[in-house]
Amino acid sequence: MKIEKFMLFIMIAMLIAAVPVSSQSSGDSVGLGISAGVTLPKGSTAAIPSTDLKMALNWGFYVNIPLIYTFHLTPSSELYKFEDQNATDMSIAFKFIVPLYRFDLYAGFVPGLTTVGETKAFHVGLLAGGNFPLISNLDFFIQGKYKWLFEGGENLRVLHANAGILFNF
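Presented here is a report on the structure given in the accompanying data block. (Residues numbered from 1 in each chain as written. Predicted model: local features only at pLDDT ≥ 70, side-chain atom pairs only at ≥ 80, totals over all residues. Heavy atoms only, no water.)

1. Examining a nonpolar patch on the surface
- On the surface, a cluster of nonpolar side chains totalling about 760 Å² of accessible area is made up of Ile 34, Trp 59, Phe 61, Leu 134, Ile 135, Phe 140, Ile 142 and Ile 165.
- Elements supplying a minimum of two residues to the nonpolar patch: β2 (56-68), β6 (119-135) and β7 (138-151).
- By the secondary structure assignment, Ile 135 is in strand β6. (Patch = residues over 30% accessible without salt bridge, like charges linked within 9 Å, V, L, I, M, F, W, Y side chains within 5 Å. Areas by Shrake-Rupley, 256 points an atom, 1.4 Å probe, with all protein chains shown as cover. Salt bridge = Lys/Arg side-chain N within 4 Å of Asp/Glu carboxyl O. Helix = DSSP H or I, 4+ residues; strand = E, 2+ residues; numbered from the N terminus.)

2. Looking at the packing of aromatic side chains
- Taken as a whole and assessed by the stated rule, the structure comprises seven aromatic pairs.
- The interplanar angle of 85° and the centroid separation of 5.2 Å between the aromatic rings of Phe 167 and Phe 169 together place this pair among those described as edge-to-face.
- A relative accessible area of 36% means that Phe 167 is categorised as partly exposed.
- Classification of Phe 169 by relative accessible area gives exposed; the value is 60%. (Phe/Tyr/Trp six-rings, centres within 6.5 Å; stacked < 30°, edge-to-face > 60°. Buried < 20%, exposed > 50% of the residue type's maximum accessible area, 1.4 Å probe, protein only.)

3. Overview of empty space enclosed by the protein
- One pass over the full model with this rule turns up two cavities of 30 Å³ or more.
- Empty space within the largest cavity amounts to approximately 190 Å³.
- Along the walls of the largest cavity sit 17 residues, with Tyr 62, Thr 74, Ser 76, Gln 143 and Lys 145 positioned nearest its centre.
- Only β2, β3 (71-82), β4 (85-99), β5 (104-116) and β7 provide two or more residues apiece to the lining of the largest cavity.
- With four residues, the top contributor of residues to the lining of the largest cavity is β3.
- When its residues are assigned to classes, the lining of the largest cavity shows seven nonpolar, seven polar and three charged. (1 Å grid on protein atoms, 1.4 Å probe; cavity = no way out; pocket = protein on both sides within 12 Å on 5 of 7 lines; lining within 4 Å. Points joined across faces, edges and corners; volume = space filled by probe spheres on them. Nonpolar A, V, L, I, M, F, W, Y, C, P; charged D, E, K, R; others polar.)

Rendered as structure tokens:
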């Protein structure tokens, strides 16, 4: 009888030890996010002849992949419009993280491909933003991205301002 009680005590102790103490995100976990915001283009190319392009809404999704705590890769896809033409960005951001007490700041470089109608153009850009924890595995972020689309000898400059949420695994 004493051995059964002792074994029961050991099994309960092992179960308690296996339960995580905190559900807080580790800060270096992979995450999936969605964002929405505005796009402000300026300039023209052969595919987009207008020089007075209007602000458009955009939305997208991304995956946040930390390689080390202060350096993340973030492949993303973003959809928006240039006048009456649909545009899609496929990018990968190289983000450098500055962890602070209550939030993280980041800056980075963003190369990728933009498709507008039937035209495909390479783009490069810079980004900066902040990441704020809401609950244990859900973060809120704000971000600004300025990029240059290159088509032939011309370029188009586009400013993206986004906010969204990131679900960390």
